[in-house]
Amino acid sequence: METSTEGAAQPDSSPAPAVDPPVPAGSVEAVIEAGVETATVTAAAPVAIAPSTLSPSRASDFMQCPLLYRFRVIDRLPEKPSEAATRGTLVHAVLERLFDAPAAERTAPRAKSLIPGQWDRLRESRPEVVELFADDPQGERLARWLGEAEQLVERWFSLEDPSRLEPAERELFVETELESGLRLRGIIDRVDVAPTGEVRIVDYKTGKAPRPEYSEGALFQMKFYALVVWRLKNVVPRRLQLVYLGNGQVLTYDPVLADLERVERKLLALWQAIRLATETGDWRPRPTKLCGWCDHQAHCPEFGGTPPPYPLPVRAAESGGPAQGRMGPD
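> Go over helix 9 (residues 257-280), please, and point to the residues and values.
For helix 9, with 24 residues, the first-to-last C-alpha span of 35 Å sits near the 34 Å given by 1.5 Å per residue. Taken together, the buried positions of helix 9 are Asp259, Leu260, Val263, Glu264, Leu267, Leu270, Trp271, Ile274, Ala277 and Thr278. Directly after helix 9, the chain includes Gly281, whose backbone phi takes a positive value near 75 degrees.

Shown next as structure tokens:
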């Protein structure tokens, strides 16, 4: 998980994207985001399942490039793990687990001490990440990579004080269904609730903060989450906060109801475009500078490739789950 000024992750002059790389297509998180039940994700599936849900990452995929959305959601093409995305997953796990400790013990040394164990857990749950360092027999590149993760974790302590925080939720799965039938879902890094009941949604980014002219694009994900929380709890979050560990910046935004209503209208229009592309099979590539990081160049016409045969006929995914949505473990 990006040429709408609100929903797209824009390139900058740096040699890498300003935001975190997308979730690997083969991960459990990607299956959740795609809105496809795990049991249906098989290489030999005879028909494609029309997507019935939308997450911030997949919405950004379609706005960035409709063909990329198709590759990830319809074709479910595999993507190789990247060092940057995997490092982000590792750092997120460390910051989540740190809050298991008593407030006084939430220190930078303790946080950094969690990295080896969380890396072991990540390799067990996602064996494909081991190939990242298959050509590093001496472990020198791995050591540098882990050192970079330590730097990101340590930088967080200059931006927030975990000893003064007691999150109401961490890695919170949320899902709701709009009146149109579109289901929105995602995973929120952290939810803070003040004694007065005000809600703050926090998301960690291991990349660098975007330039000011692209801040709306960065906030799209947060407004998406705020919309889901509003629809579930009838509460407009007081603050949206993006914590960029790559360059030590914090981006905040205080939404109002009109913001969330605009996001909902935007998502409904986006969903109509996705449904039309699904029905017609017309998924057009949209070349940008971000193409340089795409795993699917071999299948993309912009690079001389040919997409896989479109898996027709397409049928609608079966509906299920509570109509009022969910807020908590999937």
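Here the narrative resumes, following the displayed structure.
> Kindly report on unusual backbone geometry, identifying the contributing residues and their values.
One non-glycine residue, Arg76, lies in positive phi territory at about 50 degrees. Relative to the assigned elements, Arg76 resides in the loop between helix 3 (66-74) and helix 4 (83-98). Of note, Asn234 is a non-glycine position whose phi angle comes to about 55 degrees, a positive value. Note on placement: Asn234 falls in the loop between helix 8 (215-233) and strand 6 (239-244). On the basis of relative accessibility, which here comes to 65%, the residue Asn234 falls in the exposed class.

> With reference to specific residues and values, describe the pairing of strand 5 (residues 199-205).
Across the seven residues that make up strand 5, a large majority, six, are buried. Judged from the four bridges that link them, strand 4 (residues 183-193) and strand 5 form a sheet pairing that is antiparallel. Of the residues in strand 5, the one forming a bridge with Val193 is Val199. Between strand 4 and strand 5, which pair antiparallel in sequence order, lie five residues; one of them, Gly197, sits at a positive phi of approximately 95 degrees. As defined by bridge partners, strand 5 adjoins strand 6 across six bridges and the pair is classed as parallel. Residue pairing across strands places Tyr204 opposite Val243, the latter belonging to strand 6.

> A description of the packing of aromatic side chains should follow, citing residues and the corresponding values.
In total, this model carries eleven aromatic pairs according to the counting rule given. Centre to centre, the rings of Phe99 and Trp156 are 6.0 Å apart; their planes meet at 75 degrees, and the pair counts as edge-to-face. Here Phe99 is found in the loop between helix 4 and helix 5 (108-113), whereas its partner Trp156 is found in helix 7 (residues 140-156), with 57 residues between them in sequence. By the burial criterion, Phe99 is buried, and Trp156 matches it. Summarising the aromatic geometry, the rings of Trp156 and Phe157 are spaced 5.2 Å apart at their centres and angled 70 degrees between planes, so their arrangement reads as edge-to-face.

> Tell me about the nonpolar core, residues and numbers included.
The biggest cluster of nonpolar side chains holds 47 residues, and the ones touching the most others in it are Leu54, Leu184, Ile201, Leu267, Leu270, Ile274 and Trp283. Those elements that place two or more of their residues in this core are helix 2 (56-64), helix 3, strand 3 (169-177), strand 4, strand 5, helix 8, strand 6 and helix 9. A per-element tally of this core places helix 8 first, with twelve residues. Sequence-distant contacts of Leu184, that is, excluding residues within four places in its chain, are made with Leu54, Val174, Glu175, Thr176, Leu178, Phe224, Leu227, Val228 and Leu267.

> Account for the pattern of salt bridges, with residues named and values stated.
Applying the stated rule across the entire model yields 30 salt bridges. For Arg238, the salt bridge is made with Glu198, and the minimal N-O distance between the two is 3.7 Å. Taken together, the positions of Arg238 in the loop between helix 8 and strand 6 and Glu198 in the loop between strand 4 and strand 5 put the pair 40 residues apart, joining distant regions of the chain. Look at Glu198 and you get partly exposed, because its relative accessible area is 41%. Via salt bridges that share partners, Arg58, Asp61, Arg72 and Glu79 belong to a single interconnected network.

> Talk me through the side chain of Gln241; I want residue IDs and the actual numbers.
Relative to the elements of secondary structure, Gln241 occurs in strand 6. Residue classification places Gln241 among the buried positions, given a relative accessible area of 7%. With sequence-adjacent residues up to four places away left out, Gln241 is seen in contact with Glu160, Arg200, Ile201, Val202, Asp203, Met222, Val250, Leu251 and Thr252.

> Tell me about the packing of helix 4 against helix 7, residues and numbers included.
With their axes 10 Å apart at the nearest point, helix 4 and helix 7 run at an angle of 45 degrees to one another. By the angle between their axes, helix 4 is oblique relative to helix 7. Considering only the axes of helix 4 and helix 7, their crossing is right-handed. Judged by residue contacts, Glu83, Thr86, Arg87, Leu90, Val91, Val94, Leu95 and Leu98 of helix 4 engage Arg141, Trp145, Leu146, Glu148, Ala149, Leu152, Val153 and Trp156 from helix 7. A class-by-class count of the residues in the contact of helix 4 with helix 7 yields eleven nonpolar, one polar and four charged.

> Any details on empty space enclosed by the protein? Residues and values, ideally.
Counted as a void, the second largest cavity has a volume near 40 Å³. Every residue along the wall of the second largest cavity is listed here: His92, Leu95, Glu96, Phe99, Arg170, Glu171, Asp189 and Tyr204. For the lining of the second largest cavity, the secondary structure elements donating two or more residues are helix 4 and strand 3. Of all the elements, helix 4 adds the most residues to the lining of the second largest cavity, at three residues. Class assignment of the residues belonging to the lining of the second largest cavity gives a composition of three nonpolar, one polar and four charged.

Definitions and cut-offs
Residue positions are counted from 1 within each chain, in the order its sequence is given. Local features in a predicted model are, by the rule used here, given only for residues with pLDDT of at least 70; side-chain atom pairs are given and counted only at 80 or more, and totals for whole chains, interfaces and linings are based on all residues. Excluding hydrogens and water, the side-chain figures rest on all heavy atoms present in the structure. Numbering of helices and strands runs from the N terminus, with a helix taken as a DSSP run of H or I at least four residues long and a strand as a DSSP run of E at least two residues long. A helix is expected to reach a length of 1.5 Å times the quantity of its residues less one. Note on classification: 1.4 Å probe, protein chains only; a residue is buried when its accessible area is under 20% of the maximum for its type, exposed when over 50%, partly exposed between these limits. Paired strands, as defined in this entry, are two strands with at least two bridges between them according to DSSP. Pairing of aromatic side chains requires ring centres within 6.5 Å, counting the rings of Phe and Tyr and the six-membered ring of Trp. Pairs whose planes differ by under 30 degrees are stacked, by over 60 edge-to-face, and all others tilted. As used in this record, nonpolar core signifies buried Ala, Val, Leu, Ile, Met, Phe, Trp, Tyr and Cys residues forming a set joined through side-chain atoms within 4.5 Å. Residue contacts are counted whenever heavy atoms from the two residues lie within 4.5 Å of one another. A side-chain nitrogen of Lys or Arg and a carboxyl oxygen of Asp or Glu constitute a salt bridge if their distance falls within 4 Å. Fitted lines through C-alpha atoms serve as axes, helices being fitted only where they are in contact, and the angles separating the N-to-C directions of these axes extend from 0 to 180 degrees. An angle counts as roughly parallel when it lies under 35 degrees, as roughly antiparallel when it exceeds 145, as roughly perpendicular when it falls between 65 and 115, and as oblique in every other case. The sense of a crossing depends on the near helix, which, turned anticlockwise from the far helix by less than a right angle, makes the crossing left-handed and, turned clockwise, makes it right-handed. Each residue gets one of three labels, nonpolar for Ala, Val, Leu, Ile, Met, Phe, Trp, Tyr, Cys and Pro, charged for Asp, Glu, Lys and Arg, and polar for the others, Gly among them. Only protein atoms enter the calculation, which uses a 1 Å grid: trapped sets of points that fit a 1.4 Å probe without letting it out are cavities, open sets showing protein on both sides within 12 Å along at least five of seven lines are pockets, and any residue with an atom within 4 Å of a point is a lining residue. Grid points are joined across faces, edges and corners, and a volume is the space filled by probe spheres set on the points.

The values reported here are purely geometric and, on their own, carry no functional implication.
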